[in-house]
Amino acid sequence: MATQLEQSPGAFASISEVSAITGLTQDTLRWYEREGMIPRIARGSDRRRRYSERDVRLIELLVKLRTTGMPTSDMQRFAVLLAGGAETHERRLSLLIEHRERILAQQARLDDALAALDTKVDHYRALIAGTDEDRARQRRGEA
């Protein structure tokens, strides 16, 4: 659907189409709008929401930011800054860099935890395979 929007300037997507594109429920899309994370969505003469390509791209970005654990309050700040135009580029960049640093720190913690988990997985695989060294450790109470 996003490609249809891209190929047809002036085309709009319905809330059900945007839900299918982004994986968000229609209720979540409405909530994003109420919370100010996306601008008010234009409506047709039938009062139904009409999402532009730009709206969809913003929602897709917000989904990615949420997936990385960005707090709702930061997503709201980002949306407000977007509405501020080019003069807010530096503040938007700062917000994104701060979040990137949080992601990298979390990734380092996860890498460390994964390494510990891998060590234990290897240990139990060796125990199950019955290697002599691990049997000796187990008898000594080191397992």
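Details of the structure are given in the entry above.
Caption draft 1: Representation of the packing of helix α4 (residues 53–67) against helix α5 (residues 72–83) within the structure. In contact at an axis separation of 10 Å, α4 and α5 are set at 150° when each is read in the N-to-C sense. Of the possible angle classes, the one that applies to α4 and α5 is roughly antiparallel. Note that α4 runs across α5; the crossing there is right-handed. Residue-level contacts link Leu58, Leu61, Leu62 and Arg66 of α4 to Thr72, Met75, Phe78 and Leu82 of α5.

Caption draft 2: Summary view of the packing of helix α2 (residues 15–22) against α4. Closest axis-to-axis distance for the α2/α4 pair is 10 Å, and the angle between their directions is 40°. Accordingly, the angle class assigned to the pair α2 and α4 is oblique. As α2 packs across α4, the resulting crossing turns out to be right-handed. Here Val18, Ile21 and Thr22 of α2 come into contact with α4, specifically with Val56, Ile59, Glu60 and Val63.

Caption draft 3: Inspection of the environment of proline 39 at higher detail. Here proline 39 shows up in the loop between α3 (26–34) and α4. As for proline 39 and leucine 82, which are separated by 43 residues in sequence, their C-alpha atoms are 9.4 Å apart. For proline 39, the contacting residues outside a window of four places in its chain are Glu33, Asp55 and Leu58.

Caption draft 4: Looking closely at the pattern of salt bridges. Scanning the entire structure with this criterion turns up seven salt bridges. A salt bridge links arginine 40 to glutamate 33, with the shortest nitrogen-to-oxygen separation between them at 3.7 Å. According to the relative accessible area criterion, arginine 40 is exposed, its value standing at 67%. Across the pair arginine 57 and glutamate 53 runs a salt bridge, and its minimum N-O distance is 3.0 Å. Here arginine 57 pairs with glutamate 53, and both are found in helix α4, just four residues apart, close to one helical turn. For glutamate 53, a relative accessible area of 25% corresponds to the partly exposed category. If you follow the salt bridges from partner to partner, you end up with Glu33, Arg40 and Arg49 in one network.

Caption draft 5: The nonpolar core, seen in detail. Ranked by size, the top nonpolar core spans 17 residues in total, and within it Val18, Leu29, Tyr32, Ile38, Tyr51, Ile59 and Leu62 carry the most contacts. Contributing elements (two or more residues each) for this core: α2, α3 and α4. In terms of residues, this core owes the most to one element, α4, which gives five residues. With residues near it in sequence (within four places) discarded, leucine 29 still touches Ile15, Val18, Ser19, Thr22, Leu24, Ile38, Tyr51 and Ile59.

Caption draft 6: Local environment of α3. All of the buried residues along α3 are Leu29, Tyr32 and Glu33. Viewed end-on, α3 has its buried residues packed into an arc of 100°, placing them on one side of the element. Projecting away from the buried face of α3 at angles above 90 degrees are the exposed residues Asp27 and Arg34. Residues of α3 that are buried sit in contact with α2, α4 and α5. One or two positions beyond α3, positive phi appears at glycine 36, with a value near 80°.

Quick notes on the rules
Residues numbered from 1 in each chain as written. Predicted model: local features only at pLDDT ≥ 70, side-chain atom pairs only at ≥ 80, totals over all residues. Heavy atoms only, no water. Axes fitted to C-alpha atoms, helices over the stretch in contact; angles between N-to-C directions. Helix = DSSP H or I, 4+ residues; strand = E, 2+ residues; numbered from the N terminus. Parallel < 35°, antiparallel > 145°, perpendicular 65-115°, else oblique. Left-handed = near helix turned anticlockwise from the far one by under 90°. Contact = heavy atoms within 4.5 Å. Salt bridge = Lys/Arg side-chain N within 4 Å of Asp/Glu carboxyl O. Buried < 20%, exposed > 50% of the residue type's maximum accessible area, 1.4 Å probe, protein only. Core = buried A, V, L, I, M, F, W, Y, C linked by side-chain atoms within 4.5 Å. Arc of directions from axis to C-beta.

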